[in-house]
Structure formats: structure tokens, C-alpha cells
Amino acid sequence: MRDFILYVNNPIKPDFSLNDLPGSGRVDLIARCVSSALWLSHNVRRDTNIHICFETNGVRFVLSFFGLKIKRVSPDERNIASWIKKAIQIALENKERVQ
């Protein structure tokens, strides 16, 4: 089993634009790292996980992609970025409910 940990220094905007990934806290690089870690040719590496540690709106998160469980995600940067955006929105909504 391989585990990658990606620590992002710059905060990510929670409402970043999928049309401007480089201008959105370099979400394009994050998506590229996820793609490189999890995809090999046309298959998913089932024995690999990647954990992304980042901050948005002053809140720290760890977002994990598990190769064994991943479904409906293609290896292109825009698709991965859309999943990251959805995860951030859900996490922020749940955080507001707890407070």
C-alpha cells in the first residue's frame, strides 16, 4: 500500500473557478498530483491513497482519495478539481451545522 501526503501551503478559495484553476490557489497542481498518484495508463492504482492537507476560510482540512474506493472520477484536472470543490463545499456546510 502506498500513501502520499500533499501539504498545500497557500489557502484554497472555496468558490474557485473550474475555468481558472491556476488562479484559484493552484488547484491545477493539486489535481495533477492526485492524477499522477492514482492513475496508471487507463487503470486506477488500487494500492495507492493520496491525502491532501490544506486550508480554506481559516479552516484546515485533510481530503483523501482512496484508490481502492474511487469511482466516477476521470484522470483529467478539471474533473478532479470539481470533486475537490464539492468536498470543500460539503465540509464547510457540515462545519457550519456543528457550530
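Predicted model, so just to flag it, every value in this text is computed and none were measured.

Colleague: Would you mind showing me how to read the nonpolar core here?
Modeller: Most often, soluble globular proteins keep nonpolar side chains buried together rather than apart. Ranked by size, the top nonpolar core spans 25 residues in total, and within it Phe16, Val34, Phe54, Phe65, Ile80 and Ile84 carry the most contacts. Mapped by element, the contributors of at least two residues to this core are helix H1 (27-38), strand S4 (48-56), strand S5 (59-66) and helix H2 (77-98). With 6 residues, the single largest contributor to this core is H1. Sequence-distant contacts of Phe16, that is, excluding residues within four places in its chain, are made with Leu21, Ser24, Val27, Ala81, Ile84, Lys85 and Ile88.

Colleague: I keep staring at the sheet that holds S5 and nothing clicks. Help me out?
Modeller: Across a sheet, paired strands are connected by hydrogen bonds in the backbone, their directions being either parallel or antiparallel. Taken in spatial order, the 3 strands line up as S1-S4-S5 in an open sheet, and their pairing is mixed. A strand with exactly one partner marks an edge of an open sheet, and here the two such strands are strand S1 (2-7) and S5. Ignoring strand direction, the axes of neighbouring strands in this sheet form an average angle of 15 degrees. Pairing geometry for S1 and S4, over 6 bridges, is parallel. Bridging from a neighbouring strand, Leu6 pairs with Ile52 of S4. H1 contacts S1, S4 and S5 of the sheet and is inclined by roughly 165 degrees relative to S4.

Colleague: Can you walk me through the pattern of salt bridges in this structure?
Modeller: In a structure, side chains of opposite charge can pair up when their charged atoms sit close to one another. This structure, assessed with the given rule, holds 3 salt bridges. Across the pair Asp28 and Arg26 runs a salt bridge whose closest N-O atoms are separated by 3.0 Å. Residue Arg32 is joined to Glu77 by a salt bridge in which the shortest nitrogen-to-oxygen separation is 2.8 Å. In this pair, Arg32 sits in helix H1 while Glu77 sits in helix H2, placing the two residues 45 residues apart along the sequence. Accessibility expressed as a relative area gives 27% for Glu77, which makes it partly exposed. Here the salt bridges do not stand alone but share partners, grouping Arg26, Asp28, Arg32 and Glu77 into one network.

About the criteria used
Residues numbered from 1 in each chain as written. Predicted model: local features only at pLDDT ≥ 70, side-chain atom pairs only at ≥ 80, totals over all residues. Heavy atoms only, no water. Core = buried A, V, L, I, M, F, W, Y, C linked by side-chain atoms within 4.5 Å. Buried < 20%, exposed > 50% of the residue type's maximum accessible area, 1.4 Å probe, protein only. Helix = DSSP H or I, 4+ residues; strand = E, 2+ residues; numbered from the N terminus. Contact = heavy atoms within 4.5 Å. Pairing = 2+ DSSP bridges. Axes fitted to C-alpha atoms, helices over the stretch in contact; angles between N-to-C directions. Salt bridge = Lys/Arg side-chain N within 4 Å of Asp/Glu carboxyl O.

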